[in-house]
Amino acid sequence: MHCDTISELADRGGELWKNSGHLDLKRMQESGYLLQNFALFVDIGKCTPTPWERVCALYEVYRTELEKNKNRIVPVLCYEDILKNEACGKLSALLTVEEGAVCGGSLERLRELYDMGVRMLTLTWNYRNELGWPAMRRCLGQSRGDVDGRLTEKGETGIRGSDGRDEACGLTETGRDFVTEMERLGMIPDVSHLSDAGFDDVWECTKKPFVASHSNARAVCPSLRNLTDDQIRRLAERGGCMGLNYYDKFLVDGGSKDPEVLWEALIRQARHITDIGGMEILGLGSDFDGIPTNPALPGAEAMPVLWDRLKTAGFTENQLDGIFWGNVMRVYRDAL
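Residues numbered from 1 in each chain as written. Predicted model: local features only at pLDDT ≥ 70, side-chain atom pairs only at ≥ 80, totals over all residues. Heavy atoms only, no water.

J.: How do you make sense of the overall build of the protein chain when you look at a structure like this?
T.: Tallying secondary structure elements over the protein chain gives twelve helices and ten strands in all. Computed over its C-alpha atoms, the radius of gyration of the protein chain comes to 18 Å, within 12% of the 20 Å expected for a compact globule of 336 residues. Split into buried and exposed, the 336 residues of the protein chain put 58% on the buried side. In the protein chain, once contacts between residues fewer than 6 apart in sequence are set aside, the share between residues at least 24 apart is 68%. (Helix = DSSP H or I, 4+ residues; strand = E, 2+ residues; numbered from the N terminus. Rg over C-alpha atoms; globule rule 2.2 N^0.38 Å. Buried < 20%, exposed > 50% of the residue type's maximum accessible area, 1.4 Å probe, protein only. Contact = heavy atoms within 4.5 Å.)

J.: Before we go on, may I ask you to explain the packing of aromatic side chains in this structure?
T.: The relative placement of two aromatic rings is captured by the distance of their centres and the angle of their planes. The full count for this structure, using the stated rule, is eight aromatic pairs. With a centroid separation of 6.3 Å and 55 degrees between ring planes, the pair formed by Phe38 and Tyr62 is classed as tilted. Taken as a pair, Phe38 in strand E1 (residues 35-41) and Tyr62 in helix H3 (residues 51-68) lie far apart in primary sequence, 24 residues in all. Taken individually, Phe38 and Tyr62 each receive the classification buried, so the pair is uniform in this respect. Seen in terms of ring centroids, Phe199 and Phe210 are 5.6 Å apart; in terms of plane orientation they differ by 70 degrees. Their pairing is edge-to-face. In this pair, Phe199 sits in helix H7 (residues 196-205) while Phe210 sits in the loop between H7 and strand E8 (211-212), placing the two residues eleven residues apart along the sequence. Overall, the relative accessible area of 2% leaves Phe199 in the buried class. Given the relative accessible area of 0%, Phe210 is considered buried. Counting every residue linked through ring pairs, the aromatic cluster contains Phe38, Tyr59 and Tyr62. (Phe/Tyr/Trp six-rings, centres within 6.5 Å; stacked < 30°, edge-to-face > 60°.)

J.: What exactly am I supposed to notice about unusual backbone geometry here?
T.: Glycine aside, negative phi is the norm for most residues, and most peptide bonds take the trans geometry. The backbone of His193 shows a phi angle near 85 degrees, a positive value even though the residue is not glycine. Residue His193 is classed as buried on the basis of its relative accessible area of 7%. One non-glycine residue, Asp287, lies in the positive phi region at around 70 degrees.

J.: Is there a simple way to explain the packing of helix H6 (residues 173-185) against H7 in this structure?
T.: When two helices pack together, their arrangement is given by the angle between the helix axes and the distance between those axes. Two elements in contact, H6 and H7, have axes whose closest approach is 10 Å; the angle formed by their N-to-C orientations is 45 degrees. Here H6 is positioned oblique relative to H7, judged by the angle of their axes. Handedness of the crossing formed by H6 with H7: right-handed. Here Arg176, Val179, Thr180 and Glu183 of H6 come into contact with H7, specifically with Asp201, Val202, Glu204 and Cys205. For the contact of H6 with H7, the class distribution of residues is three nonpolar, one polar and four charged. (Axes fitted to C-alpha atoms, helices over the stretch in contact; angles between N-to-C directions. Parallel < 35°, antiparallel > 145°, perpendicular 65-115°, else oblique. Left-handed = near helix turned anticlockwise from the far one by under 90°. Nonpolar A, V, L, I, M, F, W, Y, C, P; charged D, E, K, R; others polar.)

Listed below in structure tokens is the structure:
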């Protein structure tokens, strides 16, 4: 449900067919991929001249790379497109945007994104924007390590109250309008990176499924980027889905570079999430090309190993079918 490969290609060069990052089409084909969400990730603290121009430039990279590989992968605009591509033996690409600030608060810009083929929007990244507050907060003009607010007990950026709940604000009125319009259009709200209060607001504003495209369980790893058990339950109740994030610091408290520690943590995450939300809640989020390399899951080539590890841990093949494709496909059927 999430990778930052397009932004990496734009900034570092390389091609979608084969590159030195975490994900490319060659490894996707070899690993049996059906579909990949490609995020146009915009860091509004760095981009020039404007976030909108940056997202449009990334879109041109996406469009160019797909055109070069049109015999291998085809963009999809609705659920039926995925089925058609599968029948033709082609991979599917679903376009997303990570950072709602690219619209500058304009619903017309949101509709332009939809017309470009964007079918999922991560409402915030790590900055406050016109739509709402993020979970882990950074101020514009500050370096990567700077903190807005105070350090939590786990060292993540953000503000946490004595009850453990993030005290950040939720969606703005503009953010609520965006979520309502997204549901009308058939664009999926993505609450990964959003504050706890923002999750509550998305829950109140929506009727269709929404997602946390690359988030884990906070009860297993206490980062504000992960979902609480209550959020997991409500996401499941709404028919939504969350994608496992392979970042070591979102898998295990403090992170680790030991592959076995990471495998154990990932299995704990999968078990906990499905115990809380049921087997239909979980998908794959990866965050490939947006996180440091996980030595247990170094790239798209590791997906068969992930299947084997989860199967050895006790997940059945039917359950794995749900985690690897079925659960996310159900959300796309219902929401797109």
